[in-house]
Amino acid sequence: MKGDFGVKKTIQKHNELDYIISVPDNFSEEKTYPAVIFLHGAGGRGRNIEMIETNPYFQITDKYELEMVTFAPQCYANSWFDIFEQLSDFVDDMLKNKYVDKDRVYVAGASMGGYATWQMAMAHPELFAAIVPVCGGGMYWNAGRLKDMGVWAYHGSEDPVVFPEESRKMVDAVNNAGGHAKLTICDGVSHNSWINAYSNRELFDWLMSQKRSDYHSEEDKYNNQEDFG
């Protein structure tokens, strides 16, 4: 496959996961590139990987001619959480490619993929420089693990599927732990706030400028079984 505006895409397979890898036209394995792990929403589930090629993420970002690599797996199960271990293995192996700049690895995803973006970053905070979770949510009590990475979340103010409070609570939890997360609420927008996010070129300029910090583990304040189960 070949996208417009100087982007090349190929379909590959990693164990049970089919995925698309997108690289700039002038890609060279002798160079290093920032890398995005893109996690689609529930509408992209299945075994037809070409569905992912038509995701708004690619339709919009291909036009930016960014010097980056995107790895976009397809969820064949009910949700990313059903295959989270496989997804974590996928991420680990993608980052082993010598052309990936290990200090500039990012996760972006919307809806079901937004939830997985939050969770992937909390599960492996040492790997990522920044995340872009769109109309997602997560475990607020664990969000302190993200205090050392860039976070820019998006949500529609009128989202009836995932309430915008989910993003607000996550961003607030990161910041209350000492982080610097930010949230864009798109006025009058329903669930498809990913269009607003991906259409903002400033978001991707910001993303590409983020570099991995030394991860400092957050004190576990929730390890008392009597109080926290």
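Everything in this summary refers to the structure shown in the same document. (Residues numbered from 1 in each chain as written. Predicted model: local features only at pLDDT ≥ 70, side-chain atom pairs only at ≥ 80, totals over all residues. Heavy atoms only, no water.)

1. A few points about the overall build of the protein
Thought 1: In terms of helices and strands, the protein carries eight helices and nine strands.
Thought 2: Computed over its C-alpha atoms, the radius of gyration of the protein comes to 17 Å, within 12% of the 17 Å expected for a compact globule of 229 residues.
Thought 3: The dimensions of the protein, computed from C-alpha atoms along their principal axes, are 55 × 40 × 35 Å.
Thought 4: The burial tally for the protein puts 54% of its 229 residues in the buried class. (Helix = DSSP H or I, 4+ residues; strand = E, 2+ residues; numbered from the N terminus. Rg over C-alpha atoms; globule rule 2.2 N^0.38 Å. Buried < 20%, exposed > 50% of the residue type's maximum accessible area, 1.4 Å probe, protein only.)

2. Digging into the packing of aromatic side chains
Thought 1: Counted under the stated rule, the structure contains 13 aromatic pairs.
Thought 2: A ring pair is formed by Trp 152 and Tyr 154, whose centres lie 5.9 Å apart and whose planes are at 25°; its orientation type is stacked. Each member of the pair, Trp 152 together with Tyr 154, is buried.
Thought 3: Taken together, the ring pairs connect Phe 38, Tyr 57, Phe 58, Tyr 64, Tyr 198 and Phe 204 into an aromatic cluster.
Thought 4: Positioned over the ring face of Tyr 76 is Arg 47, at 4.1 Å from the centre of the ring.
Thought 5: Over the aromatic face of Trp 152 sits the side chain of Lys 182, whose NZ or CZ is 3.7 Å from the ring centroid. (Phe/Tyr/Trp six-rings, centres within 6.5 Å; stacked < 30°, edge-to-face > 60°. Lys NZ or Arg CZ within 6 Å of the ring centre and 35° of its normal.)

3. A look at the pairing of strand β6 (residues 100-110)
Thought 1: In terms of burial, β6 is largely enclosed, as nine of its 11 residues are buried.
Thought 2: With six bridges connecting them, strand β4 (residues 33-39) and β6 associate as parallel partners. The partner of Ala 35 across the bridge, within β6, is Val 105.
Thought 3: Relative to strand β7 (residues 130-134), β6 is paired through five bridges, and the arrangement is parallel. (Pairing = 2+ DSSP bridges.)

4. Observations regarding the packing of helix α4 (residues 112-123) against helix α5 (residues 165-176)
Thought 1: Viewed as axis vectors pointing N to C, α4 and α5 meet at an angle of 20°, and their least axial separation amounts to 12 Å. Here α4 is positioned roughly parallel relative to α5, judged by the angle of their axes. Once α4 is placed against α5, the crossing between them reads as left-handed. Residues Tyr 115, Trp 118 and Met 122 of α4 touch α5, and the partners they reach there are Glu 166, Met 170, Val 171 and Val 174. (Axes fitted to C-alpha atoms, helices over the stretch in contact; angles between N-to-C directions. Parallel < 35°, antiparallel > 145°, perpendicular 65-115°, else oblique. Left-handed = near helix turned anticlockwise from the far one by under 90°. Contact = heavy atoms within 4.5 Å.)

5. Some remarks on the pattern of salt bridges
Thought 1: This structure, assessed with the given rule, holds 10 salt bridges.
Thought 2: A salt bridge links Arg 168 to Glu 165, with the shortest nitrogen-to-oxygen separation between them at 3.7 Å. Residue Arg 168 and its partner Glu 165 are both found in helix α5; the two are separated by three residues, about one turn of the helix.
Thought 3: For Arg 168, a relative accessible area of 34% corresponds to the partly exposed category. (Salt bridge = Lys/Arg side-chain N within 4 Å of Asp/Glu carboxyl O.)

6. Description of the nonpolar core
Thought 1: One finds Phe 71, Trp 118 and Leu 146 to be the most contacted residues of the largest nonpolar core, which totals 43 residues.
Thought 2: Elements with a contribution of two residues or more to this core: β3 (17-24), β4, β5 (69-73), α3 (84-94), β6, α4, β8 (150-156) and α5.
Thought 3: By residue number, the principal contributor to this core is α4, which donates six residues.
Thought 4: Dropping the residues within four chain positions of it, Leu 146 is found in contact with Trp 118, Ala 121, Met 122, Ile 131, Val 151 and Val 174.
Thought 5: Membership of the second largest hydrophobic core comes to 31 residues, among which are Tyr 64, Leu 66, Ala 72 and Ala 130. (Core = buried A, V, L, I, M, F, W, Y, C linked by side-chain atoms within 4.5 Å.)

Don't take any of this as a statement about function, it's just geometry.
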